[in-house]
Every structure is written in structure tokens, then in C-alpha cells.
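Observations on the model geometry
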Amino acid sequence: MHKLKPITPLGSDTPRQDVIGTITITEVVDQALASVAARTDQGATVRDAMSDKTGLALPDVGKSAEVGPYSAFWMGPDQWMITAAHDSHELLAAELKSSLGDKASVVEQTDGWCRFDVAGAALCDLFERLCNAPVRTMKPGAAIRTTAEHLGVFLQRLADDRIAVFGPRSSAGSLHHGLVAAARSVA
Amino acid sequence: MIINHPLLGPRDAQEFTYLGDATLINRPDWQSENALNAFHDYLYLRDNPAGEHRELWYHEQGDRSWLVVTRNTMTHEILNVELAHDVAKAAAAERSAQ
Amino acid sequence: MTNGNRLNGGLIDRSTNLNFKFDGKNFSGFQGDTLASALMANGVRLMGRSFKYHRPRGVLTAGSEEPNALVELRSGGRQEPNTRATVAELYDGLSANSQNRWPSLERDFMAINDRFSNFLTAGFYYKTFMWPKAFWEKLYEPVIRKAAGLGSLTGEDDPDAYDKGFLHCDLLIVGAGPAGLAAALTAGRAGAQVILAEEDFHLGGRLIAETGALADVSGADWVAQTQAELAGMGNVRLMPRTTVFGAYDHGIYGAVERNADHLAMPAEGKPRQTLWRIYSKRALITTGAIERPIAFENNDRPGIMLAGAVRAYVNRWATTPAQSLVVFANNDDAHQTARDLIAQGVKVPAIVDTRPDAPDVEGTEVLKGAEIINTSGRLGLTSVQVRTDKGFTRDLHCEALAMSGGWNPNLGLTCHQRGRPVWNADIHAFVPGEEGLPVGQIVAGAAKGDLTTDAALQGGANAAVTALSDLGITATPADLPAAQDAPVSLSPFWHVKGAKRAWLDYQNDVTVKDVKLAHQENFTSVEHLKRYTTLGMATDQGKTSNVGALAVMAELTGKSIPETGSTIFRPPYTPVAMGALAGRAVGKEFHPTRLTPSHKWAEEQGAVFLEVGNWLRAQWFPRKGETHWRQSVNREVLQTRNSVGVCDVTTLGKIDVQGADAAAFLNMIYANGFAKLPVGKVRYGLMLREDGVAYDDGTAARLAEDHFVVTTTTANAVLVYRNMEFVRQCLCPNMDVQLISTTEAWAQYAVAGPNSRKLLQKIVDPEFDISNEAFPFMACGEITVCGGLRARLFRISFSGELAYEIAVPTRYGDGLMRALMEAGEEFDVVPYGTEALGVMRIEKGHATGNELNGTTTALNLGLGRMVSTKKDCIGNVLSRREGMNTPDALALVGLKPVDAKDTLPAGGHLMNLTGPVDAAHDQGYVTSTAYSPILNSSIALGYVKGGFDRKGEQLRLVNPLEGQEVLVEIVSAHFVDPEGEKLRA
């Protein structure tokens, strides 16, 4: 076990949580991320291999999927983001690459992103102040890439009252500020 | 404006970066005899029509697809949207068939 | 003061008394009042001064079209100029001041302008302030600027928060009058996603301003009942206090919701206003109609109002402008004003009707075929002079006048995509044209020209059915109450003949006389008329004035009104506060901030930070006793060159390139070749634009046959990625290659200096041999550090020293920096910032953005031979153009002062030792300068014509702007380690 201590995207030892009115904003740091892009004409093969390895049916445009420790959302044509628990799958990219071989390009994305899970009844009121995504019509399982606070983000609707936001890690502070300000507006 | 992305559906033009004339897909052969002239024309001689225009837009805040958008520059009406990747593949196939 | 003009009834809550101040005087009103209605109830008629002539003015309208009653609302940082008293909701403690007057509203010094009105006519500025030219900047402009404008800005920061957001709907309905409410009921019941936006704080439009709009129920009751039903529907969003100000492409509308303008200040954390971007599939414009005035001599005195506005004050706000009021009109509609007032016990001495066949009204005298030819009363109306149909003149005493020249459909939003209104001869007004309506927009009700309540209700419901059927939603028109359906009875009448100072545009002081002058000077087109007279400009955008002026011009030119033209409107419909447009993006949240992985650690060290794009990078790390930044930078440079330094270089763009054709792809995007780069090696790469100009450089590391990591400059990371996607998708669509950015995923540090290897050997796990033999210059590899953490190591150097870049997953970046500092203690390791980085790269002659400045080619950079002729790449062909390959092309060289004590100014130009200093004799220019602590001298990089062959030559470095001239010598750009021995050590 190496001796380096990690810090969170917001620069602390422990993930941050804010409760504003009925809204809870939680910094999520326990997920490993890897992007999987099918090589030319290998889309079907990659879907099969991913299904064999993880049980995940790689989702279609605008969707996400979840099985066991794994979840996935659509990023672009023949490209997905896979997530799994960091504790048990810190080397997720290597793990996937070993199953997919030269059928796919796999890239570690774990620390490319910060993630905030936003929960509460006023979820849609909050997000319609941050992004142009049609959050009210996004059902659980929907995922979209959009902008919030001038940042490129992914939104993944986890449940009726929960949305995960993935933003660029270096701008975690700005994204967090936007989420908190919007939460205060609607609280 | 709203661009009807072939994969993602209607998306705000704010999410896109504009490049220009879609003829930029048809890059000349660098080894052809008149390559210098061909590249000059390719890069500098573009139509700027008042009316229907095929343009390249990049979905930078989305799925990173380049799109070929056929747009009326007078009314902003968008008549067709294609994935540039598909357009380029078709053009390449046509070139190699010749 | 007392509420002397307060009447019975109305939609005000008399149990909630609100105290407020106007020009320092205390007043009181009720919940539900506007500032205008409350002042009116208190007997105040004088509310402002006009723009040009400083004429005393009162309220003209009861809505957002108000041109006169503009006030400064609130104080301190919240002070807001040019606020219309007619839409400012009263709250307890409200404080407003009149504007455009000094020293007081009653005694205004600048009212002298009114005496000189003969000189201050249309085009006055254009004609008067032409000569002498020199006077313009020094005299005319400052004086005019001081006198111009209405209210004043606070000068303090706005303490309130503004928000913004995005809404989606099937049907956006703009305006909650009879048409809008009927449409909302219809669409809401059909299950469509509906947004109903209303600029007023009370829904209902004219339904709450009229007494007899509906047959069997009061307008207010039906509105309340409808509002309750709509509020209960989950699919309908009611948005009162929301102005839809612009119609943009493809169904996008801009709106401002005034969340807290009706409060003394917003609640903690809440926004004052919210800017909404509304995505609508269909939009229904039910914005009603705006009444138009009649132009007659001195028709602008306080107390002279629009007839429909008077009814709104009487019926909705239970207040009358005065105890005795005359009506002046050309239509039946205005007669209702008299009836409503009489019913409330207000005296109406007469109705002056321009129509000889006007109907009679019980309780007052109707002077048929008569006109008002003048008025009296300095600070408020005292009487009107009437010319009867027989030509007799009659004085009528009154303190208010209700006038009506008919109604204009409110076309604002229908024109925002250059929709041209068309003339409707039945109602003598412009209505929306078919052509040019924004995509997906439908108009209904009075906005369309259906001026009766019944037609508005039916039209609204039917329009909703039509709009929804386009979307595949079946709706049936809502059942609607029986309503007033008397046809419009109006005979066009625009201005009283012979009148001169008869106001058309109250806000800009444009009179009939000004239009005549414009005509006389041949400014007859509508667009010229507007610019010449300023008609229709400023905060009201001519809502009450445009059509009247057009009618006068039509008369002068002998053409019909539609032949004369029409004006169209642009966004915004009403003024929008800059704060609302900025939203949350203010102060340090103006743009996102990007922090490097070592930011927290650098802050602890007291680093000084520099904004580089959105990034904050450590610029230098001051130590105790250092008083000048140069001391810190020199120390960082010397310590790095003498031992070892560490710099956070995470901000460089990192792009992961994989695929069977990854190498071929890099060959395409870089000028130089990558196909033969072995796995485990890094190569410098130069990127060209298609026109052959160099635009970015960096390195590509080959981690596997089918896997590279490309680095870009910090500034171009986004652009390079975009261009690479363009090449991948559009130019090389059959290549097997996949791209993704990993800039943020890895914390990357440069470890540079002769002791860098020794330091890294303490960090890198021992199973990885990083000796010079095993890991030579330009090697790269995946390793582990600190007992097993995955990492990447690159032996590359920007400083010119033996150097490495080491990368770990970002979350461990802070830990790695601390570990490097701890392990480096024995070597006296130093953290260095961007300044030291800059000094060292200049010493080494490495190009950055200063050198890759958008005009320079590979040849200019001395990298001409890098552009491979054996393969295609972006920019390859055009870089070979003749003009870019001349022998005297600019060449990147080093420059040092002949006298080592001299400082080289940045940005100067180079001239030969003799000869003139001018552009024709220019020999090149300086791109970067620094003080080199190693050389104890100021040094520079720059471009010199044919410079590669001019080493040793002396030039003058000049900056004529600052009068600087320094003698310099051309040297190699590689000031330190020109042979690269340190790099390979």
C-alpha cells in the first residue's frame, strides 16, 4: 500500500456535504471512472464483452445502466463512462482493458471529474437554474452532457429525487458554489 | 437557435462551436500536381451564401460530434443535420470508387 | 397626506397599510397599490420631468408602456433609475425620488429649456454642435452628457443576487389577460406543459381594469377562479411578475421574473430577479393592446392620462386622478371611463368627442364633433379649452383629462424576427403580419386586433387548440363566460389641426412640430423620422407614440399610414437590468476557476497566484526577507539550475490517443513524424494550422503501439482537442482512433535540475530503474511511486536542465508534492512558479505563446526541417508557399544587451544601427524578455529578418512610444546549454 494521502476535489480530507433547505449536496469521491470507446466497427463486440465481464448492458444515447458495483452512462457515439466503487476497483481502467483488449480504448478518468450527488424534492427547481437540460422530463436512468456554470458536466438521474453531476475536477469549487447558490434560491 | 442533433435530439446552439462551410470536409490530395492551388482554394475560396448553407458545427458541450448543419442564413431555418463523420465516410467512399 | 382620491372597491387590501416616501415626503397606500396608484390616491399628480424640455409630467398610463412617471427607486446600492411608477409595486418603506430635475420637482432649473424650445427642435444637436470641430471633445460632449439622461446610477455595487435558469414547455403564453387565461385553461386541461407569463403582479389584464367586461360575473372573480384552477394543475406554471422581453430563434424566449422587486430587499440567499431562457415548442402572444393618445396643444400636463388607464386606476386600484375629469376621445370605449367615474361620484363635466355622431352618455354632456385646443395649469391641469363643432371656444375646469385615440395591438414580440405589422382598416391599427412571425409563434386576442373581451376569450382558447394540435395534443376550447362584444366604434383622429407643441412622444419630447420639421427637411421615411427626432427611443421604445407620429407623417406626405411605413420592435420589450443578464456570474464567480492539484499546498506556502485562462497557477513562492518578486524568482531559478526544483505543470493539456491508427493520426496532426517513435519514448511535436502557420506545440509519449499521450499548451488545450476531433471525424473518417481528454485526471509535476534524478529515485519505487542508461532523455514509462501508486514518468525538459515530468492520479497530487518536498530537503529542493519557468525557458530558447503568435511558421521558429515532406499533415502543403519561404524570413534568435547593465524592453522593434526608425526599415521584434540570474543580464527572444545568419550583428532595440533605445547583439536563442549536455546527463 502506497503512502500518499488523497484529497477530495474540494481540497479536503473528507467529502463535503451541504444541507440547504430540503436539498442535500454530497461530494462523492468513492467511485472509480474509466471511459470505454469501441474501436472501429467493434461496438457490438464491446457490448458483448462488457456484458460478459460486468453484466452491464452498455446504454444507448442519453441513458445510463447499473448492475452490481458497476454503472455506465453514454458519453458519445460508441463511447461510455463506466464507474465502480473506488475501494474495490481503483484500477478499473486496467481491469476493463484486460477484458476488452484491442477491441476498445480504455482510459482512466477517475480523477478527471468531481461528482456531486444532489438529492431532495426541489431537485428540478435547482437544476433548471443551472443547465438547459430538460431535467423535469429526465427519468431515472437518463444521462446527459450539458453545461452548468459555464462548465461541461454530465447529469445522471439516479432516482426521482437524486441527480449525480460530474464536472471537471479542477473546477469543483466553482461547480459547488453554483449548486449551493441555486439550492439557496429554491430552498 | 436549436440544432436537432441526429443522436441527441434538439439541443441549444449555445452548446456548439461554429466552424463554417462544410466543404472543409473535402480536403484536397496533398500529392496532386496542383496541390498548392487546390489547398489555396480549399482554405480561402468559400461561398458565403445568403440562403441555404451547409455548415460545420461542433457539439463541444455535448457528445463531441462534428455535425453538418444545412441552415438558411437568412431565416436561420435548419433544414437538415447530419453527423459529419457519416458525411466524411460517404465522401471518402465516393472518392475511392472513382 | 390623506388618501383623498381613494374610491370604493378595487383589488387593494385596505387592511394592510403601507408607508412610503416620495421626494422625502411621507405617504401611505395599501397592499396591491403601485407607486403610481398610491401617489394618485394621495392627490399627487406631478411625478417627473420630461427628458429634453424638463416639462412637469404626471402619470400617463397604468402599465409598462409608461413614458412619464419614471423615478429613482430605493437608495444606496439598490438605487434603480428610470423605474416606472406604474409598475413599481408598493411595499412598506418604499422610497422613491423624482429625477431629471434640480433642485426640486416643483422648481426645476433646467425647465429653462422649455423657453428655448424654438431652438431645441429636432436635429438640434446635429445642426448646432458641428463647428468648430475641436470644441466637440472638450466642450460640447461633456456639457451635453451632463445634461442628458434621466435618472442617475448609484455608483455602488448592487448588493443583491440575481439568478438565471432554463425552462421547457409545449406552450408559452405571454400575457394573462382574457385571451391568455382562456388559452391557459384550454391547454392546461388538455395536459400540455404550459407556462403562463404575466408582467403584472396580478393576473387578468383588462379583466380586472374594466367593470363590464364579463356579463354574469365580475372580471376579478372569474380571474380568481381561473387562477385557482390553473394553480392546481401540475402541468401549468403560472409566472406573474415575469416579463417575456425577447423572442429568439426556434421558439426560445427571454424572460425576467421579478422575484423580490416587491419587497424592501430579497430574503437571505434569494435572488432579486431571475433571467429565464424559455424553450417553447409553441408560443402564444396574448399581450393585449396599448391605448394611444391624441396630440393637441399642451397635452402633456400632469393629470392628462389615457382613458383606459384612468379606468384601471378607478376599478382596480380604487383611485381617481382628480375629483373632476374631462374625457377627450374619438371612440365609444372611452365613454366607459366617464360612466365608471360617475358611478364612483367623480365629476365629469363633459366628454369631448371628435365624432359628430358620438352617442350620448347619461350623467354628463357629450360635446360632439369637438376638439381640445389647449390646456392650462403649470404643475397640473386646471382647465381645458374646447372648440365646439360650431367653432365656439369653451373653457372646462377639470384637474384631469382622460384621452383616447383608440387602441394599438401590442406587437412587440411579434416583430423580434423582423415580422412586419400590417394595417387593419377595421380597427385603424397595425396588427401582426403573417410574414416574419417568429417560428412557432401564434398571436391571439387584442394583440391580434380582436379588441372585444368576447373575441379575446374565444380567440385565446381557439389559438391554444391550434397550437397544441400542431404538437399532436388534442384540446377542446375551454367553456368561457359570456363577455362584452360591442364592436369597435372609432373614427380615426390623430392630432388637433393647428397644434404645434402637441406631444406625440412624451418621453423624448417629440411634438407634431418636430415631425413637420423632419418632413420639411426630407426625413420622411420612418427610420429617418425616428433617428432625426429620437421618436420611439429610450425606455418606453415608443409604445404609446410610434403610430401617432406615423399618422402625422402620413398626413404631411399625403400618403396612407400603411404606405408611410411601420416601425418594428427589437428586444427587450421593457428594460432589463444588467444584473439580471449577469445572473450569478459576478465577482470571482464571473467565470469558473480551475485549481491545480498542488493549489492547497501552494497556498500554505504563501504562493502568489496568476490567472492563466481559468487556471490559478503559482507565480512565485516568496520567502521571508524577500521584498521584490525578482528576488524570489532569481532564487527559484538559481536553486533549480544548481540543484533541483519542482513546478506544477498539470495545466498543460493532456489528450489520450488510442487506436490501431493512432500513430498515423499523430502524423496527420503534427508537422513532424510519429510513426517511427518507439514505445517508451517521447517526441516534441509542432502543430500547424492548415494555412501553414504554427499554432501549438507539445509532446507525444508512446505508451504502447496503439496508445499515445499528447500534451498541449495550457492555453490551447480546448482548441487542439477540437481540431483533433475535426481531423478524426471529418478528414480521416476511416482511421481507427479514439480521443479523450485526461488533463484533469493526472497531477503532473516538472522535477528539474542536476539533482532531479537523485530526488526522484527516492520517490519512484526501486523496481523501476531510472538511471540515465535505463531511462535516457526522452524516455517515458508507466511506473509506481511511494510504495505502489501508479504513475507516469516522462524525461522531458522545458527548463533545459536534466528534468522529468511525473504524473499521478490527481487526488494524490497534493500528497506527491509534499513527498517531493520532504524527500528533496537534503538537496535543498525549491518549488518554482510560472515566472521562474518563464525565465528558464527563455534562457533555453523554448518557444511559447509569445513566439507562436499566430503569424509564425516552423521556418521562423528554426524548425523548418521538422515539417516532413514525406507525409501529409495539416498545414503541410500551404507551409511550402513561396512567400513563406523567403531567405529573409523572420528567424527566432536570442538577443542580449551590448552593455550588460541595460534592460531589454518587451515588445520593442529592431532596427539596423544606422538609418531611419520606421516600419519600412523594421528588422524584426522582441517576443519575450527576462532577467537571467545565471547570465547576470537581461536577455530576450525575438524574430529578426534572416536572423539565423546574422549572429554577432548589433541592432538597435527601439520603443519609440517610450523613447527607449538599447543596443543589442544577435546571439543563439539557446543561452544556456546550447549543446543539450545537461538534458542528457
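Attention here is on the structure that accompanies the text. (Residues numbered from 1 in each chain as written. Chains lettered and ligands numbered in written order. Predicted model: local features only at pLDDT ≥ 70, side-chain atom pairs only at ≥ 80, totals over all residues. Heavy atoms only, no water.)

Bringing the overall build of chain B into the picture now. Across its full length, chain B carries two helices and six strands. If you list the helices and strands of chain B from N to C, you get β-β-β-α-β-β-β-α. Along the longest, intermediate and shortest principal axes, the C-alpha atoms of chain B span 45 × 25 × 20 Å. For chain B, buried positions account for 50% of its 98 residues. Taking the contacts inside chain B whose residues are at least 6 apart along the sequence as the reference set, 46% of them involve residues at least 24 apart. Just so you have it, chain B exposes about 5,000 Å², and 47% of that area is on carbon and sulfur atoms. (Helix = DSSP H or I, 4+ residues; strand = E, 2+ residues; numbered from the N terminus. Buried < 20%, exposed > 50% of the residue type's maximum accessible area, 1.4 Å probe, protein only. Contact = heavy atoms within 4.5 Å. Areas by Shrake-Rupley, 256 points an atom, 1.4 Å probe, with all protein chains shown as cover.)

On to the overall build of chain C. Helix and strand counts for chain C stand at 21 helices and 48 strands. Taken along its principal axes, the extent of the C-alpha atoms in chain C is 115 × 70 × 55 Å. Counting only contacts in chain C whose residues sit at least 6 apart along the sequence, the fraction spanning at least 24 positions is 66%. Total accessible area on chain C is roughly 37,900 Å²; 52% of this is exposed by carbon and sulfur atoms. Between the mean site of the 97 positive side-chain charges and the mean site of the 110 negative ones, chain C shows a separation of 3 Å. (Lys, Arg positive; Asp, Glu negative; His and termini not counted. Charge placed at Lys NZ, Arg CZ, Asp CG, Glu CD.)

What follows is about a nonpolar patch on the surface. Nonpolar side chains collect at one region of the surface, where I112, F116 and F119 of chain C lie side by side and expose about 320 Å² of accessible area between them. Topologically, F116 of chain C is positioned in the loop between helix 2 (112–115) and helix 3 (124–128). (Patch = residues over 30% accessible without salt bridge, like charges linked within 9 Å, V, L, I, M, F, W, Y side chains within 5 Å. Salt bridge = Lys/Arg side-chain N within 4 Å of Asp/Glu carboxyl O.)

So, on to the interface of chain A and chain C. If you look at the interface, chain A gives 52 residues, while chain C gives 53 residues. Between chain A and chain C, the buried area comes to about 4,200 Å², and carbon and sulfur atoms account for 48% of it. Joining chain A to chain C, the criterion identifies seven salt bridges. For D111 of chain A, the salt bridge goes to R811 of chain C, with nearest N and O atoms at 2.9 Å. Joining chain A to chain C, the criterion identifies 33 residue pairs in polar contact (both at pLDDT 80 or more). Secondary-structure elements contributing two or more residues to the side of chain A that touches chain C are strand 3 (31–38), strand 7 (104–108) and helix 5 (172–186) of chain A. (Buried area = accessible area lost by both parts, 1.4 Å probe. Polar contact = N/O pair within 3.5 Å; in protein donor to acceptor, adjacent residues only side chain to side chain.)

We now examine the packing of aromatic side chains. Per the counting criterion, the structure on display carries 20 aromatic pairs over all chains. A centroid spacing of 5.2 Å and a plane angle of 35° characterise the contact between Y313 of chain C and W317 of chain C, whose relative ring orientation is tilted. W317 of chain C matches Y313 of chain C in its accessibility class, with the two residues each being buried. Ring geometry for F523 of chain C and Y532 of chain C: centres 4.1 Å apart, planes at 15°, overall stacked. Residue class for F523 of chain C comes out partly exposed when judged on its relative accessible area of 28%. In textbook terms, an aromatic cluster arises when at least three aromatic residues are bridged by ring pairs, as seen for F73, W113, F154 and F166 of chain A. Cation over ring: R316 of chain C sits above F201 of chain C, and NZ or CZ is 5.0 Å from the ring centre. (Phe/Tyr/Trp six-rings, centres within 6.5 Å; stacked < 30°, edge-to-face > 60°. Lys NZ or Arg CZ within 6 Å of the ring centre and 35° of its normal.)

Residues and elements named next belong to chain C. Strand order across the open sheet formed by five strands is 15-22-16-17-18, with parallel pairing between neighbours. With one partner strand each, in any of the chains shown, strand 15 (304–306) and strand 18 (365–368) form the two edges of the open sheet. Ignoring which end each strand starts from, the neighbouring axes of this sheet average 20° apart. Of the strand pairs in this sheet, strand 17 (residues 350–353) and strand 18 are connected by four bridges, and their pairing is parallel. Note on strand 18: the bridge partner recorded for D353 is K368. (Pairing = 2+ DSSP bridges. Axes fitted to C-alpha atoms, helices over the stretch in contact; angles between N-to-C directions.)

Another point: the interface of chain B and chain A. The interface is formed by 10 residues belonging to chain B together with 11 residues belonging to chain A. Taking both partners together, chain B and chain A bury about 820 Å²; carbon and sulfur atoms supply 53% of that area. Broken down residue by residue, the surface that chain B buries against chain A is led by L7, Q61 and D63 of chain B, which jointly contribute 46%. Taken together, the links from chain B to chain A amount to three residue pairs in polar contact (both at pLDDT 80 or more). A class-by-class count of the residues in the side of chain B that touches chain A yields two nonpolar, three polar and five charged. (Nonpolar A, V, L, I, M, F, W, Y, C, P; charged D, E, K, R; others polar.)

What follows is about the sheet that holds strand 38 (residues 746–752) of chain C. Neighbouring strands of a sheet are bound in pairs by backbone hydrogen bonds; such pairs are parallel or else antiparallel. Across the sheet, which stays open at both edges, the six strands sit in the order 39-40-41-38-32-42 (chain C) with mixed pairing between neighbours. A single partner strand is all that each edge strand has here, and the edge strands are strand 39 (780–785) and strand 42 (830–831) of chain C.

For the rest of this paragraph, the subject is the pattern of salt bridges. If charged atoms from side chains of opposite charge come close, those side chains can pair. Residues and elements named next belong to chain C. Using the criterion set out here, one finds 71 salt bridges over all chains in the structure. Here D300 ties to R55 by a salt bridge, and the two come within 2.6 Å at their closest N and O atoms. One end of the pair, D300, is in the loop between strand 14 (289–291) and strand 15; the other, R55, is in the loop between strand 3 (48–49) and strand 4 (56–57), and 245 residues separate them in sequence. Notably, a salt bridge pairs R189 with D479, separated by 2.8 Å at the nearest N-O pair.

Turning our eyes to something else, we now look at empty space enclosed by the protein. All names here are of chain C. In this structure the tally under the stated criterion is 12 cavities of 30 Å³ or more. Forming the boundary of the largest cavity are 18 residues, of which N408, P409, L411, V547 and F569 lie nearest the centre. Empty space within the second largest cavity amounts to approximately 110 Å³. Lining the second largest cavity are 16 residues, with S598, R617, A618, F621 and D648 sitting closest to its centre. Of all the secondary-structure elements, those providing two or more residues to the lining of the second largest cavity are helix 15 (599–604), strand 31 (615–620) and strand 32 (645–648). The residue makeup of the lining of the second largest cavity, split by class, is nine nonpolar, five polar and two charged. (1 Å grid on protein atoms, 1.4 Å probe; cavity = no way out; pocket = protein on both sides within 12 Å on 5 of 7 lines; lining within 4 Å. Points joined across faces, edges and corners; volume = space filled by probe spheres on them.)

Attention now goes to the packing of helix 2 (residues 84–97) of chain B against helix 18 (residues 717–731) of chain C. Close contact between helix 2 of chain B and helix 18 of chain C brings their axes to 7 Å; oriented N to C, the two are set at 45°. Put simply, helix 2 of chain B runs oblique to helix 18 of chain C. Together, A84, H85 and A88 of chain B of helix 2 of chain B and R728, Q729 and C730 of chain C of helix 18 of chain C make up the contact between the two elements. Partitioning the contact of helix 2 of chain B with helix 18 of chain C into residue classes produces three nonpolar, two polar and one charged. (Parallel < 35°, antiparallel > 145°, perpendicular 65-115°, else oblique.)

Okay, helix 1 (residues 35–44) of chain B next. Residues spaced three or four apart along an α-helix point in a common direction, a consequence of the helix completing one turn every 3.6 residues. Of all the residues in helix 1 of chain B, the buried ones are A35, F39, Y42 and L43 of chain B. Considered in projection along helix 1 of chain B, the buried side chains sweep an arc of 85° and stay on one side of the axis. Close packing links the buried residues of helix 1 of chain B with helix 18 of chain C. (Arc of directions from axis to C-beta.)

Residue and element names in this part refer to chain C. Here M778 shows up in the loop between helix 19 (756–761) and strand 39. Residues M778 and V893, 115 residues apart in the sequence, show an inter-C-alpha distance of 25 Å. Ignoring any residue separated from it by four or fewer positions in sequence, one finds M778 in contact with G680, K681, V682, R683, Y684, R795 and I796.

Here we come to the packing of helix 16 (residues 629–642) of chain C against helix 21 (residues 834–844) of chain C. Residues and elements named next belong to chain C. For the pair helix 16 and helix 21, interaxial distance at closest approach is 9 Å and the crossing angle is 60°. Taken together, the axes of helix 16 and helix 21 are oblique relative to one another. Pair helix 16 / helix 21 crosses with right-handed handedness. Listed contacts from helix 21 to W629, V633, E636, V637, T640 and R641 of helix 16 are E835, A836, V839, M840 and E843. Here the contact of helix 16 with helix 21 is composed, by residue class, of six nonpolar, one polar and four charged. (Left-handed = near helix turned anticlockwise from the far one by under 90°.)

Moving on: the pairing of strand 5 (residues 70–73) of chain C. Residue and element names in this part refer to chain C. Residues L70 and E72 line one face of strand 5 and the alternating positions V71 and L73 line the opposite face, and both faces are buried. Two elements, strand 5 and strand 6 (residues 80–84), share three bridges in a ladder whose sense is antiparallel. When the bridges of strand 6 are listed, L73 appears paired with E80. The turn linking strand 5 back onto strand 6 is made up of six residues, and R74 within it adopts a positive phi angle of 65°. In the sheet, strand 5 pairs with strand 7 (residues 94–98) via three bridges, with the strands oriented antiparallel. For E72, the partnering residue across the bridge sits in strand 7 and is N97.

Its place among the elements puts T574 of chain C in the loop between helix 13 (561–564) and helix 14 (578–582). Among all residues touching T574 of chain C, those that are not within four sequence positions of it are S64, R84, E199, T243, F245 and K543 of chain C.

As a further point, take the pairing of strand 1 (residues 2–5) of chain B. The sheet contact formed by strand 1 of chain B and strand 2 (residues 9–12) of chain B spans four bridges and is antiparallel. What sits directly across from I2 of chain B, in strand 2 of chain B, is D12 of chain B.

Let us now look at the state of the cysteines. All names here are of chain C. Scanning all chains against the criterion turns up zero disulfides over all chains. Free cysteine C647: the closest other cysteine sulfur is in C786, separated by 19 Å. On the basis of relative accessible area, C786 is assigned to the buried category, the value being 7%. (Disulfide = S-S within 2.5 Å.)

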